[in-house]
Amino acid sequence: MNAPIPLKITRATAAHAYEDVARLGNEVAGQLAARLAAETEGEVLFSSADKGRYATDASIYQMMPAGVFVPRSMPDVQTALDICRDMNVPIVARGGGTSQCGQTVGAGLVMDHSKHLRNIIDLNVENRTVEVEPGIVLDHLNAALKKHGLWYPVDVSTSAQATLGGMAGNNSCGSRSIAYGNMVHNVLGAQAWTSDSTLLQLGPYAGSSGKARELGNYVRELAQQLQPEIEQHWPKVMRRVGGYNLDIFDPRSERPYTTDGSVNLAHLLIGSEGTLALTKSLTLQLSELPQAKVLGVVNFPTFYRAMDAAQHIVKLGGGTLTAVELVDRTMIDLSLQNPVFAPVIRSALIGNPAAVLLVEFSGNSKTELRPKLRRLGELMGDLLLPDSVVELVDDAPQKALWEVRKAGLNIMMSLKGDGKPVSFIEDCAVPLEHLAEYTDALTEVFKKYGSKGTWYAHASVGTLHVRPILDMRREGAPKMRAIAEEASALVRKFKGAYSGEHGDGLCRGEWISWQFGPRITEAFAGIKQMMDPLNLLCPSRIVNPPKMDDTRLMRFAPSYTVIPIRTALDWRAWDVQNDPATELTSAPGSGGDPANGFAKAVEMCNNNGHCRKFDAGTMCPSYRVTRDEKHLTRGRANTLRLALSGQLEGLKAEEAFTSEAVHDAMDLCVGCKGCKRDCPTGVDMAKMKVEFLHHYKARHGYTLKDRLVAKLPDYAPWASRLAPLLNLRDRIPGLAALSEKLTGFSAKRTLPQWKSKTFFSAPPRTATREEVLAAAKPVVLFVDTFNGYFESENAFSALKVLAAAGYSAHVATKKIADGKSLCCGRTYLASGMVSEAKAKARELVDALLPFAEKGIAIVGLEPSCLLTLRDEMLVMGLGEAAQIISDHALLLEEFLAREATAGRLEALKAALQPVSQPILLHGHCHQKAFGAVSPIMEVLKLIPGAKPELIESSCCGMAGSFGYEASHYEVSMQMAELSLLPAVRKQPDAIVVADGTSCRHQIRDGAQREAIHVAQLLAQQLPA
């Protein structure tokens, strides 16, 4: 077996790069890697795992690149361009890698601009312009602009991960293009290198000179020669991104490219998908942030009526209408299945609509805008749909609903089974008056081929996001071809654009000649030849594209096979098939997955890149500090998929899954569960890591650290008796360093302090099993290892609070006493010891089942432990009993919030004393994943005078044992410093509440502040 290629080839290893890469790749790749390492400061990634992670985007395609280059500066980009030109190696420019049509995959050198080239170069607030590097993310730019009252208004649904360079390459549009236009309408200038390294200054044609002027003259002459063809073939709709913008000299769009009718040569690059030049910077036109917005959600009994109403709605507003967006029934149903989106979507529904339209008005004040909502209601009454509008005036519910709409494409990909909505005709644009007829006809086409479309649309501009459900492993490609041909005939009939928003790429490039005819297509080739005569930049896109249904270019190519594995956890829920026409799925375990459902669970990742977001939420903490594709939920899922399908070069298929390449990708996964909640397709990487570790450790063995973490619940009873001795580790100089060498726990980190007197060594008198079963207000308290042995005051406090509220509390114990406490198995799962975790979980089930069967709440304190009862314990083969217990398992704050809502906490509320200090709350990752943060806020507000403030933070960085480990200490602290520790330091007089034991430890180590469990704060506010 050959040694693996280093994940990052540096200048220090450049001398060996050629040999290492050429050995597993080829001579050209070896020379390319060696030169990039020696001549640039960028990251040189040529391992099979790295190449595989960049071989896909959010499309159905996969093309293995020669290598990946991550430039640190613009000079790096130019040097890499020079090297590739010398070696005749193509370049594929990439931003967030979220393209729907395969624009950012290719066989050359993939150049990732998103990690380092993301700076604001110049901001002119007075002129409302900004110059940016191409790797900056839209949301990050807008966050910087917000304090100036400005924003860049091309608000694409992927704004949290889409880069401006990618948006320019795609001519992105966004939900509010009816008011602000597309990307092309909001770009003022560009600097870009052609393939011969000429730096073009592209802006107004009238003021251009040199190579830019020569280019403009050439395109002007083409436009003049082709005026009859442009008149005949060019779609006269605003949403048109096929081919190149040859019409800048003869505008055809409903909205002029420039406000004064002038020609801007930068617009030639917009929509060119990286085929003409490499962007150095973009100059953008900014807009003023709207002062106020209101939203009307119109509910429709049929999809057709929603489409038909759009042409009437767009006439409303008198200049204040900014969006009309469709959400169809499929998306509604899928949203209702997502714990994040369900309550939001319910708030917007009246009955059981077939579709809803989100109609937004923006202006100077809500007072000014409220009449617009009334007029919308009147219009719907005129259309015989009275009382069909839900009015959302407050900002928070509007924002929440827009988040659901923005996640639409990805929500639709959450269907289990091999049938998935496939992007290839999804954004055809037709004139609004034909929208209803077009959608009706296309639905019939889907039925003809045994499929069903999932729809949502920019109804205001006639662009439809529609994806027929196809099984791309079985007959998907020929059906895709047949549907595309019939859809194109409809587009032509209704005089629309075949490619309206998401570009051409690999799936629509061949339709350019169909749309524009042979002479314009030849002109596109001429523009490409002039700017890139070596065909170096993104070849086979726009000009000479491949066939859309070439299965050799697809992620699930005919050769795709899954390696059989025997899973430790139960993944059968993913091992299903679905019916594309009805979306009904077969029974769990019937899908034919050789990996027993694990591979299909991994394949749920469609590379949408939602995990790259940096806004509120948890996902993905390791990416937030490293910005490495490898340390991203998407990157991990791709690595697992490649391993499970034998696509990691240089590795035997049966060994790939347990290889170091996969371990490196999984290493910084902190098990935060952020992806379980935030990922629109439901990828649960934390659970996947447990499965991976089970197999990896079985092959490579367990370390002392693994065993110390896993077996903590077993040795805690006797270790607590040795508390004074064990605690010397943090008190005698040198012992921590020695401990690090022996155990792997960082000497920079204090360890949890053992206590001689614990909750379990001196348990209080509580209700017996019999007493709690007979009690009027019963509750069972599950005290975990951490709160039982290290922070016993939390368990005592919980009992005090429950007693003050009038509950008879019973502390759960084993059926057969053996001197040890009950355990959920979490520590064993963290080390991949699934069999041992199952044994612990079985003991817990046996102890708790009698109470759960009586409907008694089982209350826990440590989120990671209690929520294991609602998650991993359900896939351990424990049967219906585990589900019954899960249905009654609640965190203390969830239980108290529920009881308060039911009016059963009056005694507790009356007893609580006021608090005068500010309260900061940090939510544990698992609390966030299970929607259990809001209950803490509700419970804290029971305290008179309490005004809790939630810290908008991702993972604290400790994540169980992760932050204690020497190999992870630095990353752990970087995670904490993103938002948590600065927020804590900012309010030195605040009470800091954190329910996770590891979270409290991180705050203590990083901010020298003592955070407390909500149980302890409540108990402190009760009379002694």
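Okay, so let's go over this structure. Since this is a predicted model, take the numbers as computed values, not measurements.

**Here's the deal with the environment of Val359**
Summarising the element assignment, Val359 is placed in strand 14 (residues 355-363). For Val359, a relative accessible area of 0% gives the class buried. A C-alpha to C-alpha distance of 5.6 Å links Val359 and Ala323, two positions 36 residues apart in sequence. Discounting residues that sit within four places of it in the chain, Val359 has contacts with Val294, Leu295, Gly296, Val298, Ile313, Leu321, Ala323, Val324 and Leu376.

**Concerning the pattern of salt bridges**
Tallied over the entire structure, the rule returns 63 salt bridges. Here Glu629 makes a salt bridge to Arg612, at a shortest N to O gap of 3.2 Å. Highlighted residues: Glu629 in the loop between helix 20 (621-626) and helix 21 (633-644) and Arg612 in the loop between helix 19 (598-602) and helix 20, separated in sequence by 17 residues. The pair Glu629 / Arg612 is uniform in exposure class, with both members buried. A salt bridge links Arg870 to Glu894; its shortest N-O distance comes to 2.8 Å. Here Arg870 is found in the loop between helix 35 (863-866) and helix 36 (880-888), whereas its partner Glu894 is found in helix 37 (residues 892-901), with 24 residues between them in sequence. Take Glu894: its relative accessible area is 11%, and that puts it in the buried class.

**Re the sheet that holds strand 19 (residues 778-782)**
Strands in a sheet are paired, the pairing made by backbone hydrogen bonds, and the direction either parallel or antiparallel. The sheet built from 4 strands is open, its strands ordered 20-19-21-22 with parallel pairing. Strands at the two margins of the open sheet, each flanked by one partner only, are strand 20 (808-811) and strand 22 (889-891). Adjacent strand axes in the sheet meet at a mean angle of 35°, parallel and antiparallel pairs treated alike. Note: strand 21 (residues 858-860) against strand 22, 3 bridges, orientation parallel. From the neighbouring strand, Gly860 faces strand 22, where its bridge partner is Leu891. The sheet strands contacting helix 32 (residues 792-804) are strand 19 and strand 20, and the helix crosses strand 19 at an angle near 175°. Each of strand 19, strand 21 and strand 22 touches helix 37; the most contacted strand, strand 22, lies at about 95° to it.

**Looking at the nonpolar core**
Core analysis: the biggest nonpolar cluster contains 90 residues, and Phe598, Met685, Met688, Leu869, Met873 and Ile885 have the highest contact counts within it. Once residues within four sequence positions are removed from consideration, Met685 is found in contact with Thr633, Arg636, Ala637, Leu640, Met666, Cys669 and Cys675.

**Structural notes on the pairing of strand 6 (residues 129-132)**
Alternating positions in strand 6 separate into two faces, Thr129 and Glu131 on one and Val130 and Val132 on the other, with burial throughout. Examined bridge by bridge, strand 5 (residues 120-124) and strand 6 share 4 bridges and lie antiparallel to one another. Of the residues in strand 6, the one forming a bridge with Leu123 is Val130. The hairpin formed by strand 5 and strand 6 contains 4 residues between the paired strands, and Arg128 there has a positive phi angle of roughly 55°. In this sheet, strand 10 (residues 278-285) lies alongside strand 6 in antiparallel orientation, the contact comprising 4 bridges. The partner of Val132 across the bridge, within strand 10, is Leu282.

**A word on helix 17 (residues 476-493)**
Residues lying three or four places apart along an α-helix face the same way, a consequence of the helix completing one turn every 3.6 residues. With 18 residues, helix 17 ought to run about 26 Å at 1.5 Å a step, and its terminal C-alpha atoms sit 26 Å apart, in line with that. If you check which residues of helix 17 are buried, you get Gly476, Ala477, Met480, Arg481, Ala482, Ile483, Ala484, Ala487, Ser488, Leu490 and Val491. Against helix 16 (435-448), strand 18 (463-471) and helix 18 (512-531) lie the buried residues of helix 17. Lys495 occupies a position one or two residues after helix 17 and carries a positive phi of about 55°.

**Observations regarding the sheet that holds strand 15 (residues 389-392)**
Sheet architecture is open: 4 strands sit in the order 13-14-12-15, paired in antiparallel fashion. Taken across any chain shown, the strands that pair with only one partner, and hence form the sheet edges, are strand 13 (321-328) and strand 15. Averaged over all neighbouring strand pairs, the angle between strand axes comes to 20°, with direction disregarded. Pairing analysis gives 4 bridges linking strand 12 (residues 292-300) to strand 15, with the strands arranged antiparallel.

**Description of the pairing of strand 10**
In terms of strand pairing, strand 8 (residues 187-193) meets strand 10 through 6 bridges, oriented antiparallel. The residue of strand 10 that forms the bridge with Gly189 is Thr283.

**Description of the packing of helix 34 (residues 834-853) against helix 36**
Packing of helix 34 against helix 36 leaves a shortest axis separation of 9 Å and a crossing angle of 60°. Accordingly, the angle class assigned to the pair helix 34 and helix 36 is oblique. Classified by chirality, the crossing of helix 36 by helix 34 is left-handed. Contact with helix 34, carried on its side by Leu844, Val845, Leu848, Leu849, Ala852 and Glu853, involves Ala881, Ala882, Ile884, Ile885 and His888 of helix 36 and no other residues of that element. For the contact of helix 34 with helix 36, the per-class residue count stands at 9 nonpolar, 1 polar and 1 charged.

**Some remarks on the packing of aromatic side chains**
Scanning all chains against the criterion turns up 24 aromatic pairs. Considering the side-chain rings of Tyr244 and Phe524, the 5.7 Å spacing of their centres and the 80° angle between planes classify their relative orientation as edge-to-face. Separated by 280 residues along the polypeptide, Tyr244 in the loop between helix 9 (227-233) and strand 10 and Phe524 in helix 18 bring together distant segments of the chain. Given the relative accessible area of 0%, Tyr244 is considered buried. Between the aromatic rings of Phe516 and Phe524, the centroid separation amounts to 5.4 Å while the plane-to-plane angle is 80°, which identifies the pairing as edge-to-face. Accessibility assignment for this pair places Phe516 and Phe524 in one class, buried. Three or more aromatic residues link up through ring pairs in this structure, and these residues are Trp571, Trp574, Phe598, Phe657, Phe692 and Tyr696. Positioned above the aromatic ring of Trp151, the side-chain terminus of Lys293 is 5.5 Å from the ring centre. Over the ring of Tyr807 we find Lys777; its NZ or CZ atom is 4.2 Å from the centre of that ring.

Cut-offs applied
- Residues numbered from 1 in each chain as written.
- Predicted model: local features only at pLDDT ≥ 70, side-chain atom pairs only at ≥ 80, totals over all residues.
- Heavy atoms only, no water.
- Helix = DSSP H or I, 4+ residues; strand = E, 2+ residues; numbered from the N terminus.
- Buried < 20%, exposed > 50% of the residue type's maximum accessible area, 1.4 Å probe, protein only.
- Contact = heavy atoms within 4.5 Å.
- Salt bridge = Lys/Arg side-chain N within 4 Å of Asp/Glu carboxyl O.
- Pairing = 2+ DSSP bridges.
- Axes fitted to C-alpha atoms, helices over the stretch in contact; angles between N-to-C directions.
- Core = buried A, V, L, I, M, F, W, Y, C linked by side-chain atoms within 4.5 Å.
- Expected span 1.5 Å × (residues − 1).
- Parallel < 35°, antiparallel > 145°, perpendicular 65-115°, else oblique.
- Left-handed = near helix turned anticlockwise from the far one by under 90°.
- Nonpolar A, V, L, I, M, F, W, Y, C, P; charged D, E, K, R; others polar.
- Phe/Tyr/Trp six-rings, centres within 6.5 Å; stacked < 30°, edge-to-face > 60°.
- Lys NZ or Arg CZ within 6 Å of the ring centre and 35° of its normal.

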